[in-house]
Amino acid sequence: MVISSPLAIHGGAAEIPEGPPSWPLKDDDVRQALERTVSDGSWGRYHGPHIERLEQLLAQMHRVPYSLACCSGTVAVELALRGLKIGAGDEVLLAGYDFGGNFRCIESVGAFPVLVDIDPHTWCMTTERIEDAMSMTTRAIVVSHLHGGSADMRKLCALASQRGVRVVEDACQVPGAIVQGRPAGTWGDVGVLSFGGSKLLTAGRGGALVTPHEDVFQRIKIFCERGNHAFPLSELQAAVLAPQASKLGARNSTRQVRVRQLLSACTQVQALSPVALPADGDQASYYKVAWRFEPDLCGGWSRAQFVEALQAEGVAIDIGFRGFLRRSGRRCRKPDQMEHAQKAADQTVLLHHPVLLEGAETINRVAQAIAKVVDFAESGGGLCELER
Ligand SMILES: *Cc1c(COP(=O)(O)O)cnc(C)c1O
């Protein structure tokens, strides 16, 4: 489908920074870390100092005794389930709107996903539906903090522990966030991180687990050990993460300031309902910023048209996850309609994080681009070309 871009009609894109995607940032400390791995030879070793140091750093950051680096966030979710002895015959609760890999991780340990609706303001699993979704065979909950929102972990963990259900807390999108006073990833029995190429801490690929439980940690290590670590992060990858970790707090604070600025500049835009800001004293971590897009308040434009028009303005915006509600009932249990998860799958638009470190002026231009596209759509633009 080709739509007419508003930029072609109104002239002049909003001039949001050009060039290749600005992530990861150019960073001299990362370059020096890489050079050190070359001069000390650790770049080519199985066992060097970097993995150990990274694991210590992650444990410290999360105030837990145990941490394990591994090859991806996706594998980390699977390892977490294995560490908690989740397997065949077990049900695992998962939000109806979440990262696609998490559904597959539950399947890959032989367990059965049960879908739970999300909170429309946080994009994360709601605690309102958890008790109804549980059955005699529910053994775990996989809960993700998504798109700048965070789950109500205090309530979720209380509900889980009443029923002897374990919790895997997916913090892949929110490294360094503070959720209800605690580091994201430390509410659950196991916390999961990703170091994928677009993520806030990146090694191109990679992931990690953090846990307070020695037995869970040992079980994961034993599962990984097949004469050698079967799902390793490399020394080279570990080396580039430490310098980024030391800057994470300051960058998260900057991103949070920019998101507040952006959302207040967009309060008049009825077509977009943003993700909730963090509670007082908490710290959000923005990998993406989510809005729910209302076609009816945007001249009847589809979400795809809206996203395409904003991309033409130079804004790195895209649609959200597909969610799991269309999955067959043979692959998962769906205790209710999951209205909000369905809406999230159909209506979410996501702003990618790099722009949040580019300064107040750029944020104003993003807000202007959004207003421009919505005004154009509301004035009837684009639709006549489409209907032909
Ligand atoms: C990115 C992501 C993952 C998986 O991480 P990879 O390292 O890409 O495998 C898992 N969960 C969520 C919510 C993510 O955003």
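Computed from a predicted structure; not experimentally measured.

A. The nonpolar core, seen in detail. Among the nonpolar cores identified, the biggest contains 124 residues, and L81, I141 and W291 are the most heavily contacted of them. Beyond its immediate sequence surroundings of up to four residues, W291 is in contact with W123, L262, L263, L272, S273, P274, I317, Q347, T348, V349, L351 and I370.

B. Expanded view of empty space enclosed by the protein. By the definition in use, this model includes two cavities of 30 Å³ or more. In this structure, the largest cavity spans a volume of roughly 40 Å³. It is helix α11 (residues 339-347) that contributes the most residues to the lining of the largest cavity, three residues altogether. Class assignment for the residues of the lining of the largest cavity results in four nonpolar, one polar and two charged. Per-element tally for the lining of the second largest cavity: the top contributor is strand β4 (residues 138-144), with three residues. In the lining of the second largest cavity, the residues fall into seven nonpolar, one polar and one charged.

C. Main features of the packing of helix α4 (residues 73-83) against helix α8 (residues 214-224). Contact geometry of α4 with α8 gives a least axis separation of 8 Å together with a crossing angle of 120°. With respect to each other, α4 and α8 are oriented oblique. Pair α4 / α8 crosses with right-handed handedness. Two secondary-structure elements touch here, α4 through L79, A80, R82 and G83 and α8 through V216, R219, I220, F223 and C224. Here the residues of the contact of α4 with α8 are counted per class, giving six nonpolar, one polar and two charged.

D. Representation of the pattern of salt bridges. One pass over the full model with this rule turns up 16 salt bridges. With a closest N to O distance of 3.0 Å, E107 and R331 form a salt bridge. Taken together, the residues E107 in helix α5 (residues 100-108) and R331 in the loop between β12 (317-319) and α11 connect sequence positions 224 residues apart. For E107, a relative accessible area of 25% puts it in the partly exposed group. Residue classification places R331 among the partly exposed positions, given a relative accessible area of 32%. Here D336 and R129 are joined by a salt bridge, their closest N and O atoms 3.9 Å apart. With D336 in the loop between β12 and α11 and R129 in the loop between β3 (112-116) and α6 (130-133), this pair connects stretches of sequence that are 207 residues apart. Connected through salt bridges with shared partners, the residues D27, D29, K247 and R251 form a single ionic network.

E. Structural context of the pairing of strand β5 (residues 166-170). Burial within β5 is extensive, with four of its five residues counted as buried. Across five bridges, the pairing between β4 and β5 is parallel. Looking at the pairing, V142 lines up with V168 of β5. Here β5 pairs with strand β8 (residues 190-194) via three bridges, running parallel. Each residue of the ladder has a partner; that of D170, found in β8, is V192.

F. Quick look at the site of the ligand. Close to the ligand lie S72, G73, T74, F99, L146, D170, C172, Q173, S194, K199 and G206. Here G73 contributes a backbone N or O atom positioned 2.8 Å from an oxygen atom of the ligand. Note that an oxygen atom of the ligand is positioned 2.6 Å from one of the side-chain N or O atoms of T74. Taken by itself the ligand offers 370 Å² of open surface, and the protein chains cover 88% of this.

What counts and how
Along each chain, numbering runs from 1 in the same order as the chain's sequence is written. Side-chain atom pairs in this predicted model are given and counted only at pLDDT of 80 or more, local residue features only at pLDDT of at least 70, and totals for whole chains, interfaces and linings cover all residues. Side-chain measures here rest on the full set of heavy atoms in the structure, leaving out hydrogens and waters. Here, nonpolar core refers to any group of buried Ala, Val, Leu, Ile, Met, Phe, Trp, Tyr and Cys residues whose side-chain atoms link them within 4.5 Å. Working definition: with a 1.4 Å probe on protein chains only, accessible area under 20% of the residue-type maximum means buried, over 50% means exposed, and in between means partly exposed. Pairs of residues are marked as contacts when any of their non-hydrogen atoms sit within 4.5 Å. Definitions used for this entry: grid spacing 1 Å over protein atoms alone; cavity, a set of points where a 1.4 Å probe fits but cannot get out; pocket, an open set with protein on both sides within 12 Å along at least 5 of 7 lines; lining residue, one with an atom within 4 Å of a point. Grid points are joined across faces, edges and corners, and a volume is the space filled by probe spheres set on the points. The numbering of helices and of strands both runs from the N terminus, where a helix is a DSSP run of H or I of at least 4 residues and a strand a run of E of at least 2. Classes in brief: Ala, Val, Leu, Ile, Met, Phe, Trp, Tyr, Cys and Pro nonpolar; Asp, Glu, Lys and Arg charged; the others, Gly included, polar. Structural elements are reduced to axes, namely lines fitted to C-alpha atoms, with helices fitted over the stretch in contact, and the angle between N-to-C directions of any two is expressed from 0 to 180 degrees. Every angle not falling under 35 degrees, over 145, or within 65 to 115 is termed oblique; those three ranges are roughly parallel, roughly antiparallel and roughly perpendicular. The crossing is said to be left-handed when, going from far helix to near helix, the turn is anticlockwise and less than a right angle, and right-handed when the turn is clockwise. Salt-bridge detection follows one rule: a side-chain nitrogen of Lys or Arg within 4 Å of a carboxyl oxygen of Asp or Glu. Pairing between two strands is assigned when DSSP locates at least 2 bridges connecting them. Consider each residue's heavy atoms; a residue with any of them within 4 Å of a molecule or strand counts as near. N or O atoms closer than or at 3.5 Å make up a polar contact, with two conditions inside protein: a donor-capable atom paired with an acceptor-capable one, and, for residues adjacent in sequence, both atoms drawn from side chains. In this description, accessible areas are obtained by the Shrake-Rupley approach with a 1.4 Å probe, and a residue is regarded as covered only by the protein chains that are shown.

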